[in-house]
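What follows is each chain in one-letter form.
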Amino acid sequence: MPVLALTRPVSESIARCELTFSSRTPIDVRTARKQHSAYEQALRDAGCTVERLPGADTLPDAVFVEDIALVLDEVAIITRPGAVSRRAESSAIAERLAELRPLAKMAAPATLDGGDVLRVGRTLYVGRSTRTNRAGHEALTDITAPLGYEVIPIEIGGCLHLKSAASWLGEDRVLVDPARVRPTDFHGLETFPVPEGEGAAANALRVGDTVLVAEGFPRTRSMLENAGVKCHAVANTELAKAEGGLTCCSLLLECSGMPGENP
Ligand code: CIR
């Protein structure tokens, strides 16, 4: 099934992004945009059609589209992001997703960031984070349980989102940073712990038969390649300063009829 990847440009104001665990360091917008374009090319190389949604220069974190929606085959759930500054990102994304899926919208008091949801088949592992509250877990369960999904809460420590510390690798395999999530919480799955000192590599993006991994983590890459995982390394130094990883910058949708691709 063809995969559509929705992305959004790096905002001019990215330097004013939300930060939770990192201290602010200068972000080079030009380099960030170059790296983001290379990321979009990696998505194309992995078989996606990439569609760039309109930019939003006044919304510093707009590039991190993953947090704003959770797209399942049956429904696109528009989240209510935990950071108030990010809520204005939703309208443009909801408008496009409404053309592709039935929409469900989360409402107060629920908060949930898409970066907290790790889907493996019909199981949704959901981080208990500073962004995703108990009402967010309940709202997600209310929407998805009737569709046959199970929501499993996961404790995380010392990171923004569940997917900062755990990522789906395909089939029943999950990459984890054992310093920030407990591998045993993923019952029945095969877990691949990132080597010590490479915690930031735990955010990786499976797309097609490829896993996009962040450049600069050679031991994680070798571990995955030795396990037969096809890896494509992508530079992410600039958006990492905004606490963004590789899953954060796209929303992936399986689509039967594919629209034309933006340049
Ligand atoms: C934020 O704090 O919301 C952004 N600076 C980073 C969001 C990264 N998104 C993600 O991990 N899914």
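Residues numbered from 1 in each chain as written. Predicted model: local features only at pLDDT ≥ 70, side-chain atom pairs only at ≥ 80, totals over all residues. Heavy atoms only, no water.

Caption draft 1: Quick look at empty space enclosed by the protein. Tallied over the entire structure, the rule returns two cavities of 30 Å³ or more. A volume near 100 Å³ is recorded for the largest cavity. Residue classes in the lining of the largest cavity are distributed as five nonpolar, three polar and six charged. In this structure, the second largest cavity encloses a volume near 70 Å³. Residue lining of the second largest cavity: A32, Q35, H36, Y39, V234, A235, N236, L239, G245, L246 and C249, and that is the complete set. With four residues, helix 1 (residues 29-45) is the largest single contributor of residues to the lining of the second largest cavity. Of the residues assigned to the lining of the second largest cavity, the class counts are seven nonpolar, four polar and no charged. (1 Å grid on protein atoms, 1.4 Å probe; cavity = no way out; pocket = protein on both sides within 12 Å on 5 of 7 lines; lining within 4 Å. Points joined across faces, edges and corners; volume = space filled by probe spheres on them. Nonpolar A, V, L, I, M, F, W, Y, C, P; charged D, E, K, R; others polar. Helix = DSSP H or I, 4+ residues; strand = E, 2+ residues; numbered from the N terminus.)

Caption draft 2: Region of interest: the pattern of salt bridges. All chains considered together, the criterion is met by 19 salt bridges. Two residues, E40 and R52, come together in a salt bridge whose shortest N-O distance is 2.7 Å. Taken as a pair, E40 in helix 1 and R52 in strand 2 (residues 48-52) lie far apart in primary sequence, twelve residues in all. Note that K163 and E66 form a salt bridge whose closest N and O atoms lie 2.7 Å from each other. Of this pair, K163 sits in the loop between strand 8 (150-155) and strand 9 (166-170) while E66 sits in the loop between strand 2 and strand 3 (69-71); the two residues are 97 residues apart in sequence, bridging distant segments of the chain. The structure contains a network of salt bridges with shared partners spanning E12, R33 and D57. (Salt bridge = Lys/Arg side-chain N within 4 Å of Asp/Glu carboxyl O.)

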